[in-house]
Amino acid sequence: MIERILTGRPPEPRLPKGAIDSQMHMYLPGFPSLPGGPPLPVEPLPDAAAYRQVMAWLGIDRVIITQGNAHQRDNANTLACVAAMGAAAHAVVVIDEDTSDAQMRALSETGAVGARIMDLPGGAVGLDALEAVDARAQAADWMIAVQFDGNRLLDHLPRLERIRSRWVLDHHGKFFAGVDPDGPEIAALLKLIDRGNVWFKFAGVYESSRQGWPYEDVAAFSRRIARHAPERIVWGSNWPHNMIRKTEDYPEDARLAELVLGWLADDRARHLALVENPEHLFKLPAFAVA
């Protein structure tokens, strides 16, 4: 069992109306973990009711539910979660070269707006399928969320440059060995972003930081990327923090959001990252403020 913090003092400054959580996971009963992936999160299951409390606490209006690795290539849990959340939710799912046109249409009709590439242990579909996934995503006008060891970015660069879909580099780039903000990897990433179809996601900073709170190693290059292209940053809570297995290690989401969003230059950059940029990346309608 783990005790997840679901409410408390809201983040300051408050999130703008229409704020989108671009990266989180959710789990409902009846969908066991599958071979090849990690186990389900520590109980209690982080379900729709729990996440609605987080939305109310943080001031989130819309959410992108990302397929969890525990379910590998079976999107049933994720689509059930979208249905449970209603109009506020869309999904990033797993597809491959065998996903048919009919399946793509069905996924789109049930809320899918993107596909996931996870080229790390436990991932369901890795970079070996990048070109096939890109072709399917582009035909459906979806985006792709791409995650790999960022220290290999230069190795993957030619293939990344050929992606035709809109895509986002996940989880602060996952530079596990660290990276120099003025080094060749970040220079190459900035050129990728300048191509116009690439975004960079602020989410799960603790998964690759080697320093711990306040994660200054990741902050240094994240600030540089955000200064260079504020129109290409999106943010995700990474709730329910699946890698965290003990209550004493569980982050307080409001304080984590304050910290990471504080790496953006100003209120305009925050509005871009939380509202306008994810609307463009995921092709969502503009939020209607009452």
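Everything discussed here concerns the structure shown above.
Keep in mind it's a predicted model, so treat the numbers as computed, not measured.

Basis of the calculations
- Residues numbered from 1 in each chain as written.
- Predicted model: local features only at pLDDT ≥ 70, side-chain atom pairs only at ≥ 80, totals over all residues.
- Heavy atoms only, no water.
- 1 Å grid on protein atoms, 1.4 Å probe; cavity = no way out; pocket = protein on both sides within 12 Å on 5 of 7 lines; lining within 4 Å.
- Points joined across faces, edges and corners; volume = space filled by probe spheres on them.
- Helix = DSSP H or I, 4+ residues; strand = E, 2+ residues; numbered from the N terminus.
- Nonpolar A, V, L, I, M, F, W, Y, C, P; charged D, E, K, R; others polar.
- Salt bridge = Lys/Arg side-chain N within 4 Å of Asp/Glu carboxyl O.
- Buried < 20%, exposed > 50% of the residue type's maximum accessible area, 1.4 Å probe, protein only.
- Pairing = 2+ DSSP bridges.
- Right-handed = clockwise from strand over helix to strand, strands pointing away.
- Patch = residues over 30% accessible without salt bridge, like charges linked within 9 Å, V, L, I, M, F, W, Y side chains within 5 Å.
- Areas by Shrake-Rupley, 256 points an atom, 1.4 Å probe, with all protein chains shown as cover.
- Lys, Arg positive; Asp, Glu negative; His and termini not counted.
- Charge placed at Lys NZ, Arg CZ, Asp CG, Glu CD.

Chemist: Just checking my understanding: could you explain empty space enclosed by the protein for this structure?
Modeler: Rolled over the atoms, a probe sized like a water molecule indicates the empty space that remains. Using the criterion set out here, one finds two cavities of 30 Å³ or more in the structure. Quantified by volume, the largest cavity comes out at close to 80 Å³. The wall of the largest cavity is formed by His172, Phe202, Ala203, Gly204, Val205, Trp235, Gly236, Ser237, Asp253, Leu256, Ala257 and Val260. If one sorts the elements of the lining of the largest cavity by residue count, helix H8 (residues 253-261) sits on top with four residues. Its residues assigned to classes, the lining of the largest cavity shows seven nonpolar, four polar and one charged. A volume near 40 Å³ is recorded for the second largest cavity. Lining the second largest cavity, in full, are Gln67, Gly68, Asn69, Gln72, Val94, Arg116, Ile117, Met118, Ala124 and Val125. Classifying every residue of the lining of the second largest cavity by side-chain character gives five nonpolar, four polar and one charged.

Chemist: Teacher, can you tell me more about the layout of surface pockets here?
Modeler: The computed volume of the largest pocket comes to approximately 430 Å³. Contributing to the lining of the largest pocket are 23 residues, with Pro38, Asn69, Met118, Asn242 and Met243 lying nearest its centre. Residues belonging to the lining of the largest pocket are distributed by class as follows: eleven nonpolar, eight polar and four charged.

Chemist: Please explain the pattern of salt bridges as it appears in this structure.
Modeler: Pairs can form between side chains of opposite charge whenever their charged atoms are close. Summed over the entire model, instances satisfying the criterion amount to 18 salt bridges. A salt bridge links Arg136 to Asp101; the nearest nitrogen and oxygen atoms lie 2.8 Å apart. Separated by 35 residues along the polypeptide, Arg136 in helix H4 (residues 130-140) and Asp101 in helix H3 (residues 101-109) bring together distant segments of the chain. Between Arg152 and Asp155 there is a salt bridge; the shortest N-O distance is 3.4 Å. For Arg152, a relative accessible area of 41% translates into the label partly exposed. Through salt bridges with shared partners, a single ionic network connects Arg9, Glu252, Arg255 and Glu258.

Chemist: Looking at this model, I keep getting lost on the pairing of strand E2 (residues 62-66). Mind explaining?
Modeler: Within a regular beta strand, the side chains point alternately toward one face of the sheet and then the other, so they alternate between its two faces. Most of E2 sits inside the fold, with five of its five residues counted as buried. The two faces of E2 match: Arg62, Ile64 and Thr66 on one face and Val63 and Ile65 on the other face are all buried. Direction of pairing for strand E1 (residues 20-24) relative to E2: parallel, over a ladder of three bridges. Within E2, the residue paired with Met24 across the bridge is Ile65. The handedness of the E1 to E2 crossover, carried by helix H1 (residues 48-58), is right-handed. Both E2 and strand E3 (residues 89-93) contribute to a ladder of four bridges, which runs parallel. Bridging across to E3, Ile65 finds its partner in Ala91. In this region the chain leaves E2, passes through helix H2 (residues 76-85) and returns to the parallel neighbour E3; the handedness of that crossover is right-handed.

Chemist: Explain a negative patch on the surface here, please?
Modeler: On the surface, a cluster of negative charge is contributed by Glu97, Asp98, Asp119 and Asp128. Structurally, the position occupied by Glu97 is in the loop between E3 and H3. Since its relative accessible area comes to 49%, Glu97 is described here as partly exposed.

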